[in-house]
Amino acid sequence: MVNVTLTLNGEKTACTVLPDEKLLDTLRRLGRTDVKKGCGEGTCGSCSVLLNGRLVASCIVFTAAADGGEILTAAGLGTADNPHPIQSSFVKAGAVQCGFCTPGMVLAAKALLDVVPEPDVQQIKLALDGNLCRCTGYVKIIDAVQSAARTLAGKDEVPHA
Amino acid sequence: MSDTSRLNVIGRPLPRVDALEKVDGKARYVDDYRIEGLVHCAMTLSPHPHAEVLSIRTDEALAVPGVLGVFTAPDVPVNQIGCVFQDQPLLAAERVRFVGDRVALVVAKTRDIARKAAALVKVDYRPLPSVHDAEEALKDVAPKLHAQGNLLAHQKIRFGDAAACLAACDVVVEHEFEVNYQEHAYLEPQGALAVPEAGGGVTIAGSMQCPFYVQSGVARALGLDRNRVRVEQAVTGGGFGGKEEYPSEVAALAALAALATGRPAKLVFSRAEDFQISTKRHRMRMRYKVGADREGKLQAIYVTQFVDSGGYAGLSTVVAERANTTAAGPYFFPNAHVDTFIVYTNNLLGGAFRGFGNPQVTFAIEGMMERLAARLGMDPVELRRKNLLSEGMPLICGQALPPSAPSRDVLDTLAQRSDFDRLRAEALEFNRTHRFRRKGVGLALSMYGCCLHAGGQHLEGSGALVQVRADGSVEVNIGGTELGQGAFTVVAQIAAETLGADYARVRVLPTDTRMVADSGPTVASRTTIMSGNAVRAASLQIRSRLVELAASMLGCPSREVEVGNGAYRQVPVDPPALRPEVSASAPSPVTIDHPSSTISQANVRFPDLCMEAFRRKLHLAASGWYAPPPKPWDKDTGQGIAYSVYCFTGNVAVVEVDLIGGLVKVEKVFAVHDVGQVLNPVTLEGQVHGGIVQGMGWALSENLVLDKGRCLNPGFTDYLIPSSLDMPQMDATFVEEPYPDGPFGAKGIGEPSLISVPTAVALAAGDACGQLPDRLPVTPETVLRWTAKDGNGQ
Ligand code: FES
Ligand code: FES
C-alpha cells in the first residue's frame, strides 16, 4: 500500500492506495463520480481530468504517480448553481446529450483554452480527438468551445444556462 | 395544430432540461449510485461458440476471500428468458451457443474480487461444431442450435406477382449485398443495480431504454409478480437500441445476486464484455432482383434476405420485420416478393440498433437503384424521383401511404440544398486534376415507419402523469425514457405549452414503473409521438380545469379564456362592449393588462392560478394515455397496415478518397428530414448530427471482426468510432408537413437520422473510385482492392 496526497478540486486529500491502483478508481472510490469510466483502457476520454493542469485519462494513470498532484474534475470546474463559462456554453449550445462524455469534454475544452485562448475549429478538433462522443456528432461541442472561448476572452456576454 | 406561430414553447431552441446536471458530472448513472452494503457481480463466460457444458466447479471461486456466492443455472428460478421467444438461459445449463454465453455469476465485496473469482470458475466443455453464417446454418449438415432447428422465422411480403412480372420486364437487375455488424458503442457500458426489498421483491436502477421490458424480464426470470419488481431508469449514457432488450438480462443477473445474498448488487460490464456479449446491429445478406420498363418505371422487386440472429432470438424477428416490410425503400413497386429468413448461428447476438433493419435494406435498395440507372443509362436521381412513393400510393405491404408524406419535397430540398449537380461537377473536376486523390458524391433516400410495426402494436399504448403544484411548478412522469436523445426536453415543452406553464419550471422525473402504466419500449422513434401525446392528453385535462377556474376569476365564459405566455387570459370572442369584470371571490392574483387599441384583456398568471386552484381543492394531477388505432396485419402475406406514419429522409455525402492508403474522408453530409413539425430545433439537429456520424462510422471505419464468433477487436483501439477529427461538415434541413396524430404535428427523428447515411457515404466512396459498393463497411482494404483492380483508380 502507498500513501498518497492529492489536491482534489482544491481540497487536500490523503489516501492509501494499492501500488497499481489507477487514478480513476481512486477518484471514484473517494466519491468523485463525476469522473466516468467508458472503457478503462485510455481510449475514450470519459475519465479525463486535469492533473497539474494537463489533460490525462485518469484510467491509465497510477494514483501513486500522481502523488502531490493537483486534480481538477468537472465538478471542480463549476457546479449547476455556479457553472464555469465552458459548462454554460455546453448547455446553451446543445452540446450535451446523454452526458456521459460531457465531464471529460468540458475538461478537454478547458485544457485547450488555458493554452490556446482563441482556437480555430481545427485546433478544437485536435484537442478533443481523445474524447469520444457517440451522441452529438461533435458539432455542437465545437460550437460550445468556440463560444466559451469568446466568453472567456470577454468578447461575449456570459451565456446563461 | 399545424400553425405554430401562436406557440410560445414549441418550436423554440430551448436548452435541455437535463443539461446542467450533466455538465458538472452530478447526473447519476448506474455506476455512480453509492449504497450501503453494496456487492458486485462478475460473469463467467463461455470461450466457445458452441459447446456442451459437462460440469461446472465453483469451489475455487467460492474460496476466494470476499466472495459471497457463485450462482449457476440451477439457481435461476425460471431459466428461460427472452423478449419475444423464451429460448435463452439466464445462465447456461447444458449448452453454450455463442462466445460469451454466461455460465456463472459471482458475487463479491468488490468488483475486482468478483472478476478474479469469476475466472476461477472451472467449466468443463465439450466443444461442438459451430456455424457462423446464416445461409450455411440453414443447410442440413449444419449443427443445430435449438430443437426447432436453425430457422427462427421466415417472414414474407406477397404483393402482386413479382416472379411473373420479372420474367416479362424490359430490364432486370440482380445483385447481392452484405453488411457487417455494428456495435452501439454507447459511451456508458451496460449496468444495473438491484436492491432487495423488505417483503420480497426487488428495485432495479439501471442504464436502459425500456423499464417495462426490464420489469417483465426480471419478474419472469425470478418467478416474481411484476408488482414486486420496481424499475427506475438511471441517467443513461446512450442506448441507440443497444439498451432496448439487453438490459433485462443485466438486471435479471443483478436481481438474482441481490435476492440470493440479501444485499444490494450491481453488475457493470467492462467495455470488452460489452463488445462481445451484448447485442449488435444485425449482419445481413440481401439478394435483390428489380425489374423496370425501358422508361425506368419500376415493375417488380424480388428479395431474399438472411438475418443472422446469433445464438438466441432476442428481438431479431422484430428487427427483421422492418427489413422485410421496408425492403423496397421509398419506391413504388406494383409487384413485390420478399422472403426474410431469420437464422440462429453461433455468432454474436443481433439486436435493436438505430434504424432497426432499415439501414441494411436501404443499402441494398439504393444500390439497386444505382445499378438500374446505370443499366438504363438514366440519371440515378431522376430514376428515384420517377418512382418515389407519395401520399395515397400503395406500399409493398398493400398499405396506402398515409398523410404527412412529403417524399418529393425531401428529394427536391436535398437536391437544391446540396446543389447536387454542382457537387458532382466539382468532384469530376477535382478528379481530373488529381492523381492520388479522388472525390465522390453519393445520394440516398430512405423511408422509415415511425412507431411500432403492426406486429408489435400490443405494446404501443403509452402513458404519462402530469402534476401541477400550487406554486406553478410542474412534475411530469412519462413511460418513455431519456437516453440522451432529448425526450424529456420535448415532453417538458409539450407540457409547458399545453398548460401555459413556465418551461423552466417543468421537471421531468426519472422514468419509474411505479408512476406510469406499462408504456411499451423507448424505441422506433416513437417517444415524441407516444409520450408526447400522453403528456398532452394529461395536460389538457388539467388545463380544462384551470380554464374553468380562470373563467370564474376573470368573470368571463370559459370559451373566452386563452392560454399562453405564462398566463390564462380573457380574449373576448366578440369585441366587448365592457371591460371584463374581475370575479369578486378571487383574492389578488388577477391583473388587468392595459387594453390594446381594440381588445381589452384581463389575465391570471399561471402560478397565481395554481395557488388559487390549490386553495379551492381542484385536482391538478392527471394521467394521460395514447394508443394509435389498430393496424390489421396478415403475417403470411405481409399485407396490411404496417405503421401508422412514415418518415422520409435524404442524405448527400461528399468524400475524398486517398488512393494510396485507401482512406475515405467524409467532407460533407447533407440531411433532409421530414419531421412533421419541429418541436425543438437544437435537440432535433443534435439527433441528426449524431445519426450522421454514427452512420458514417458503420459505412467506413467500424468493422467488427469475428473469428469463429469471437470478437477480435472488442474496444475503441481497433473498433474505430468517429472522433472529432473524422466529423464532416453537416447540414440539416427539415421539411414540415404536420402529422395529424402527432403532438403539435411532430413525428420521430431518432432513427431516420442514421438510416440512409451509411448508404450515401458508401455510394460516395464508390463514386470516387468508379465503383458501386455492395459490402459495408467500405474499409481501406476495399478501396485498395477497387483501385488495384482498376489500374490505380483510372
Ligand atoms: S475510461 Fe479512461 S479513457 Fe476511457
Ligand atoms: S453526449 Fe453521449 S457520448 Fe457524448
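Not measured: the values here are computed from a predicted model.

Scoring rules and cut-offs
For every chain, the first residue of the written sequence is number 1, and numbering continues from 1 along that sequence. Ligands are numbered from 1 and chains lettered from A, in the order in which they are written. Since the coordinates come from a predicted model, pLDDT governs what is reported: local features require at least 70, and pairs of side-chain atoms require 80 or more to be given and counted, while whole-chain, interface and lining totals use all residues. Side-chain numbers here rest on the full set of heavy atoms in the structure, without hydrogens or water. The numbering of helices and of strands both runs from the N terminus, where a helix is a DSSP run of H or I of at least 4 residues and a strand a run of E of at least 2. Atoms considered for the radius of gyration are the C-alpha atoms alone. The globule rule reads 2.2 Å times the number of residues to the power 0.38. Exposure is judged per residue with a 1.4 Å probe applied to protein chains only, and the accessible area is read against the type maximum: over 50% gives exposed, under 20% gives buried, and values in between give partly exposed. We call two residues contacting when some pair of their heavy atoms lies within 4.5 Å. In short, Shrake-Rupley with a 1.4 Å probe defines the accessible areas, and a residue's cover is counted only from the protein chains shown. Only four residue types enter the tally: Lys and Arg on the positive side, Asp and Glu on the negative side; His and the chain ends are excluded. Where a charge lies is defined by one atom per residue type, namely NZ (Lys), CZ (Arg), CG (Asp) and CD (Glu). In this analysis, rings of Phe, Tyr and Trp, with Trp reduced to its six-membered ring, are considered paired at centre separations within 6.5 Å, and the interplanar angle assigns stacked below 30 degrees, edge-to-face beyond 60, and tilted for intermediate values. In this scheme, the term charge over a ring applies when either NZ of a lysine or CZ of an arginine sits within 6 Å of the ring centre and within 35 degrees of the ring normal. Where each domain starts and ends follows an automatic or database-derived domain assignment. Note on terms: buried area is the combined drop in 1.4 Å-probe accessible area of two parts once they are placed together, counting the loss on both. Each salt bridge in this description consists of a side-chain nitrogen of Lys or Arg and a carboxyl oxygen of Asp or Glu lying within 4 Å of one another. Nitrogen and oxygen atoms within 3.5 Å of one another constitute a polar contact, given that in protein one can donate a hydrogen and the other can accept it, and given that sequence-neighbouring residues count only through two side-chain atoms. When residue character is reported, Ala, Val, Leu, Ile, Met, Phe, Trp, Tyr, Cys and Pro are called nonpolar, Asp, Glu, Lys and Arg charged, and the others, Gly included, polar. Here a strand pair is declared whenever DSSP counts at least two bridges between the two strands. For helices, the fitted axis covers only the stretch in contact; all axes are lines through C-alpha atoms, and the angles between them, taken along N-to-C directions, range from 0 to 180 degrees. We call two directions roughly parallel when the angle between them is under 35 degrees, roughly antiparallel when it is over 145, roughly perpendicular when it lies between 65 and 115, and oblique otherwise. Crossings are sorted by hand: turned counterclockwise from the far helix by less than a right angle, the near helix makes the crossing left-handed, and turned clockwise it makes it right-handed.

**Q** What is the right way to read the overall build of chain B from this model?
**A** Looking only at helices and strands, chain B has 20 helices and 32 strands in total. Since a compact globule built from 794 residues should have a radius of gyration of about 28 Å, the 28 Å found for chain B is in line with a globular shape. Dimensions along the principal axes, computed over C-alpha positions, put chain B at roughly 85 × 75 × 50 Å. When burial is assessed residue by residue, chain B has 64% of its 794 residues classed as buried. For chain B, restricting intrachain contacts to residue pairs at least 6 apart in sequence, the fraction spanning at least 24 positions comes to 81%. Counting every atom, chain B has about 27000 Å² of accessible surface; 52% of that belongs to carbon and sulfur. Distance from the positive charge centre (78 side chains) to the negative charge centre (87 side chains) of chain B: 2 Å.

**Q** Even after reading the chapter, I still don't get the packing of aromatic side chains, so can you show me in this structure?
**A** Given two aromatic rings, their pairing is described by the distance between the two centres and the angle made by the two planes. Following the criterion strictly, the structure yields 10 aromatic pairs over all chains and no others. A centroid spacing of 5.0 Å and a plane angle of 85° characterise the contact between phenylalanine 100 of chain A and tyrosine 29 of chain B, whose relative ring orientation is edge-to-face. Note that phenylalanine 100 of chain A is positioned in the loop between helix 3 (85-93) and helix 4 (102-115) and tyrosine 29 of chain B in the loop between helix 1 (19-23) and strand 1 (39-45), a pairing that runs across two chains. As far as the burial class goes, phenylalanine 100 of chain A and tyrosine 29 of chain B line up, both buried. Taking 6.2 Å as the distance between ring centres and 25° as the angle between the ring planes, the aromatic pair formed by tyrosine 568 of chain B and phenylalanine 606 of chain B counts as stacked. You can see tyrosine 568 of chain B sitting in strand 21 (residues 567-570) and its partner phenylalanine 606 of chain B sitting in helix 16 (residues 606-615), a full 38 residues away along the chain. The rings of Phe177, Tyr288 and Phe363 of chain B are connected pair by pair, giving a single aromatic cluster. The ring of tyrosine 186 of chain B carries lysine 243 of chain B above its face, with NZ or CZ at 4.2 Å from the centroid. Lysine 439 of chain B extends its terminal NZ or CZ atom over the ring of phenylalanine 430 of chain B, reaching a point 4.6 Å from the ring centre.

**Q** Can you help me understand the domain arrangement of chain A in this one?
**A** Quoted interface sizes are often the accessible area lost when the parts come together. Residues and elements named next belong to chain A. The domain architecture assigned to chain A consists of domain 1 (2-76) and domain 2 (85-152). Computed from C-alpha atoms alone, the centre-to-centre distance between domain 1 and domain 2 is 21 Å. Counting residues at the interface gives 15 residues for domain 1, matched by 12 residues for domain 2. Here domain 1 meets domain 2 over a buried area of about 1100 Å², counting both sides, of which 68% is carbon and sulfur. A per-residue breakdown of the area domain 1 buries against domain 2 is headed by Lys36, Leu55 and Ala74, which together make up 38% of the total. At the surface where domain 1 touches domain 2, the tally comes to zero salt bridges. Linking domain 1 with domain 2 are four residue pairs in polar contact (both at pLDDT 80 or more), by the criterion used here. When residues in the side of domain 1 that touches domain 2 are grouped by element, the largest group, three residues, is from strand 3 (residues 48-51). Looking at the side of domain 1 that touches domain 2, its residues break down into six nonpolar, six polar and three charged.

**Q** Please clarify how the pairing of strand 9 (residues 191-196) of chain B should be interpreted in this entry.
**A** Looking down a regular strand, the side chains alternate between one sheet face and the other. Residues and elements named next belong to chain B. Most of strand 9 sits inside the fold, with five of its six residues counted as buried. The sheet contact formed by strand 9 and strand 12 (residues 265-268) spans four bridges and is antiparallel. Residue pairing across strands places alanine 194 opposite alanine 265, the latter belonging to strand 12. If you look at the hairpin formed by strand 9 and strand 10 (residues 202-206), you'll find five residues sitting between the two strands, and glycine 199 has a positive phi there, around 85°.

**Q** Whenever I open this one, the domain arrangement of chain B confuses me. Can you help?
**A** All names here are of chain B. For chain B, the assigned domains are domain 1 (20-25 + 461-626), domain 2 (33-128 + 190-268) and domain 3 (284-397 + 407-454 + 635-790). For domain 2 and domain 3, the distance between their C-alpha centroids amounts to 36 Å. The interface is formed by 20 residues belonging to domain 2 together with 22 residues belonging to domain 3. For the domain 2 face of the interface with domain 3, the top three residues by lost area are Asp87, Phe98 and Phe240, together amounting to 32%.

**Q** What is the right way to read the pattern of salt bridges from this model?
**A** Side chains bearing opposite charge may pair, as long as their charged atoms lie close to each other. Residue and element names in this part refer to chain B. Under the criterion given, the structure shown has 54 salt bridges over all chains. Between glutamate 176 and arginine 287 there is a salt bridge whose closest N-O contact spans 2.8 Å. Taken together, the residues span a long stretch of sequence, with glutamate 176 in strand 8 (residues 171-179) and arginine 287 in strand 13 (residues 284-292) at a distance of 111 residues. The exposure class assigned to arginine 287 is partly exposed, which follows from its relative accessible area of 31%. Between arginine 384 and glutamate 370 there is a salt bridge, with its nearest N and O atoms 3.0 Å apart. Taken together, the residues span a long stretch of sequence, with arginine 384 in helix 11 (residues 380-387) and glutamate 370 in helix 10 (residues 358-376) at a distance of 14 residues. Judged by its relative accessible area of 16%, glutamate 370 falls in the buried class. Look at the salt bridges and you will find they share partners, linking Asp133, Glu135, Glu176, Glu178, Arg285, Arg287, Asp774 and Arg775 into a network.

**Q** Got a minute to help me understand the sheet that holds strand 18 (residues 474-478) of chain B in this structure?
**A** The pairing of strands in a sheet comes from backbone hydrogen bonds and takes either a parallel or an antiparallel form. Residue and element names in this part refer to chain B. Taken in spatial order, the four strands line up as 19-18-17-24 in an open sheet, and their pairing is mixed. At either end of the open sheet lies a strand with only one pairing partner, and these are strand 19 (506-508) and strand 24 (621-626). Along the sheet, successive strands turn relative to each other by an average axial angle of 20°, direction set aside. Across five bridges, the pairing between strand 17 (residues 462-468) and strand 18 is antiparallel. Pairing of valine 466 across the sheet is with valine 476, part of strand 18. The strands touched by helix 14 (residues 487-499) are strand 17, strand 18 and strand 19; relative to strand 19, the strand with the most contacts, the crossing angle is about 145°.

**Q** Even after reading the chapter, I still don't get the interface of chain A and chain B, so can you show me in this structure?
**A** Facing the 46 residues of chain A at the interface are 50 residues of chain B. At the boundary of chain A with chain B, total buried surface from both sides reaches about 3800 Å², with 61% on carbon and sulfur atoms. Among the residues chain A hides against chain B, the three largest losses belong to Gln97, Cys98 and Arg134 of chain A. Together they make up 21% of the total. Summed over the shared surface of chain A and chain B, the number is five salt bridges. A salt bridge links arginine 28 of chain A to aspartate 32 of chain B, with the nearest nitrogen and oxygen atoms 2.7 Å apart. Counting across the interface, chain A meets chain B through 24 residue pairs in polar contact (both at pLDDT 80 or more). Those elements that provide at least two residues to the side of chain A that touches chain B are helix 1 (23-29), helix 2 (74-77), helix 3, helix 4, helix 5 (121-128) and helix 6 (139-152) of chain A.

**Q** What is the right way to look at the packing of helix 14 of chain B against helix 15 (residues 527-554) of chain B in this model?
**A** The angle between the axes and the distance between the axes are what describe a pair of packed helices. All names here are of chain B. Packing of helix 14 against helix 15 brings their axes to within 9 Å, and their N-to-C directions diverge by 25°. As the angle between them shows, helix 14 and helix 15 are arranged roughly parallel. Helix 14 and helix 15 meet at a crossing whose hand is right-handed. Residues Ala487, Val490, Val491, Ile494, Ala495, Glu497, Thr498 and Leu499 of helix 14 pack against Thr527, Thr528, Ser531, Gly532, Val535, Arg536, Ser539, Leu540, Ile542 and Arg543 of helix 15.

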